[in-house]
Structures are given as structure tokens and as C-alpha cells.
Amino acid sequence: MNLLVWLIVGAVIGWAAGLVLGDRNSVLVNIIVGIVGAMIGGLLFGGPTINESALNLTAMLISLVGAIILLGVVNLVRRGRLA
């Protein structure tokens, strides 16, 4: 997949996860959350993700759920509840 498209889709997924959890992050953090969250979603659910060059609704939803999980854990660690 084109690197630029991958980064943009990762940013959108990270941004959407931030909206769901009410967390505002920078574009760089959104990209990281989107891409790493997609990997986590793929590991948990075993389906296609944006990291596997699959740009369909299933891949987007699995990536979004993974990003929400990642961002939730990061927020818990930031607040000191998981440390």
C-alpha cells in the first residue's frame, strides 16, 4: 500500500479513536495510535487491518477497535491507574 495512504488512514483511525474516548492528540500521536492500534486489533480479532493493505470496512473497524483499546490503556497509564 502506498505509504502516504497508510499514514493518512492511520491518522484518521487514531483521530476517530480519540473522538470515541474524548481524547485530543496531535497528528503524530493519532498516526501512531492508528497504526499500532490496527496491529493490536489484528492480533486480538485475527481479521484484516489497514497494516495488511486491506482497505475495506472490516479492516477499518478492526483497526478502530484496536486503536480504541490502545488509547484506553495509554490513558489509564497516564492517569496512574495501571502503573
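All residue numbers refer to positions counted from 1 along the written sequence of the respective chain. Local features in a predicted model are, by the rule used here, given only for residues with pLDDT of at least 70; side-chain atom pairs are given and counted only at 80 or more, and totals for whole chains, interfaces and linings are based on all residues. Side-chain numbers come from the whole structure's heavy atoms, not from hydrogens or water.

If you look the chain up in an unreviewed UniProt entry, it shows as GlsB/YeaQ/YmgE family stress response membrane protein from Candidatus Chloroploca mongolica. UniProt positions are given in the numbering used here, feature names are shortened, and annotations may be inferred rather than shown by experiment. According to its UniProt record, the chain has this under Sequence similarities (unreviewed entry): "Belongs to the UPF0410 family." In the Subcellular location (unreviewed entry) part of its UniProt record, the chain is described as follows: "Cell membrane".

Across its full length, the chain holds 3 helices and 0 strands. Strands are runs of DSSP state E lasting at least two residues, helices are runs of H or I lasting at least four, and both sets are numbered from the N terminus onward. Secondary structure elements in the chain, listed N-terminal to C-terminal, are α-α-α. Atoms considered for the radius of gyration are the C-alpha atoms alone. The globule rule reads 2.2 Å times the number of residues to the power 0.38. Over its C-alpha atoms the chain spans a radius of gyration of 12 Å, differing by no more than 12% from the 12 Å that the globule rule assigns to 83 residues. Taking the principal axes of its C-alpha atoms as reference, the chain extends roughly 35 × 25 × 20 Å. Here's how the labels work: a residue is buried when its accessible area is under 20% of the maximum for its type, exposed when over 50%, partly exposed in between, all with a 1.4 Å probe on protein chains only. Taken across its 83 residues, the chain has 36% of its residues classed as buried. Long-range contacts, defined here as pairs at least 24 residues apart, represent 60% of the contacts in the chain between residues at least 6 apart. Contacts: residue pairs with any heavy atoms within 4.5 Å of one another.

Along an α-helix, residues three or four apart share an orientation, since each turn contains 3.6 residues. Over its 19 residues, helix α2 (residues 27–45) runs 26 Å from end to end, which matches the ideal 27 Å to within 8%, given 1.5 Å per residue. Along α2, the residues classified as buried are Asn30, Ile31, Val33, Gly34, Ile35, Gly37, Ala38, Gly41 and Gly42. Contacts from the buried residues of α2 go to α1 (3–21) and α3 (57–78). A positive backbone phi angle near 65° is found at Gly46, which sits one or two residues after α2. Helix span, as expected, comes to 1.5 Å for every residue beyond the first.

Attention shifts here to the nonpolar core. Put simply, buried Ala, Val, Leu, Ile, Met, Phe, Trp, Tyr and Cys residues joined by side-chain atoms within 4.5 Å make one nonpolar core. With 9 residues, the main nonpolar core is built from Val9, Ile13, Ala17, Val33, Ala38, Ile50, Ala67, Leu70 and Leu71. Elements with a contribution of two residues or more to this core: α1, α2 and α3. Each residue touching Val9, except ones within four places of it in the same chain, is listed here: Ile50, Leu55 and Met60.

Across its 19 residues, α1 extends 27 Å between first and last C-alpha, which sits within 8% of the 27 Å expected from 1.5 Å per residue. Those residues of α1 lying buried are Val9, Gly10, Ala11, Ile13, Gly14, Ala16, Ala17 and Gly18. Here the buried face of α1 lies against α2 and α3. Within two residues after α1, Gly22 carries a phi angle of roughly 70°, on the positive side.

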